[in-house]
Amino acid sequence: MNIWTNCRPSKMTAHELVEELILQARRGQIVSVNDTIAAVRRDGPHLVASDCELVALIVDVAPAFGLFVAFDLRE
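Because the structure is a prediction, the values reported are computed rather than measured.

1. Considerations on the overall build of the protein chain
Stage number 1. What the protein chain contains, in helices and strands, is three helices and two strands.
Stage number 2. Along the protein chain, helices and strands appear, N-terminal first, in the series α-β-α-α-β.
Stage number 3. Out of the 75 residues belonging to the protein chain, those deemed buried represent 37%.
Stage number 4. A fraction of 65% describes how many contacts in the protein chain between residues 6 or more apart in sequence connect residues 24 or more apart.

Take a look at the structure:
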């Protein structure tokens, strides 16, 4: 569980949630698309972003923080 859970605004954007989840990983680690989308759905039930839109966010954000992306959505 993230220590910021109780401090975060009740309705974060998809980008904010993806970035928050990605920031939990260390530089050089692999970010699972499947796990990240599941966490966004869990933490942001109000979001209407499609899985494709979330994948695009993950692909945009993860490399900026030195992370790799595992395209494991269908596993």
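2. Here we look at the packing of helix α2 (residues 33-43) against helix α3 (residues 51-61)
Stage number 1. Relative to each other, α2 and α3 sit at 115°, their axes nearing to 10 Å. With respect to the hand of their crossing, α2 and α3 are arranged in right-handed fashion. Every residue of α3 that contacts α2 at Val 33, Thr 36, Ile 37, Val 40 and Arg 41 is listed here: Asp 51, Leu 54, Val 55 and Ile 58.
Stage number 2. Here the contact of α2 with α3 is built from residues that sort into six nonpolar, one polar and two charged.

3. Examining α2
Stage number 1. Looking at α2, one finds that the buried residues are Val 33, Thr 36, Ile 37, Ala 39 and Val 40. With its buried residues spanning 160° around the axis, α2 presents them on a single face. Exposed side chains of α2 directed beyond 90 degrees from the buried face belong to Asp 35 and Arg 42.
Stage number 2. The distance from a side-chain oxygen at the start of α2 to the backbone nitrogen of Asn 34 is 3.3 Å, and the residue carrying that oxygen is Ser 32.

Analysis parameters
- In this convention, every chain numbers its residues from 1, walking through the sequence in written order.
- Reporting of local features is limited, given that this is a predicted model, to residues whose pLDDT is at least 70; pairs of side-chain atoms are given and counted only at 80 or more, and all residues count toward the totals for whole chains, interfaces and linings.
- By convention in this description, side-chain values take in all heavy atoms of the structure and omit both hydrogens and water.
- For helices the rule is a DSSP run of H or I covering at least 4 residues; for strands it is a run of E covering at least 2, with both sets numbered from the N terminus onward.
- Throughout, exposure labels follow a simple rule: accessible area from a 1.4 Å probe, protein chains only, divided by the maximum for the residue type, with under 20% read as buried, over 50% as exposed, and the rest as partly exposed.
- Between two residues, a contact is recorded if the distance between any of their heavy atoms is within 4.5 Å.
- What counts as an axis is a line fitted to C-alpha atoms, over the stretch in contact for a helix, and the angles between N-to-C directions run from 0 to 180 degrees.
- Here a crossing is taken to be left-handed if its near helix is turned anticlockwise relative to the far helix by less than a right angle, and right-handed if that turn runs clockwise.
- In this classification, Asp, Glu, Lys and Arg are treated as charged, Ala, Val, Leu, Ile, Met, Phe, Trp, Tyr, Cys and Pro as nonpolar, and every other residue, Gly included, as polar.
- To be clear, the arc concerns the directions from the helix axis to the C-beta atoms.
- Two N or O atoms count as a polar contact when they lie within 3.5 Å, although within protein this holds only if one can serve as hydrogen donor and the other as acceptor, and sequence-adjacent residues are included solely when both atoms are side-chain atoms.

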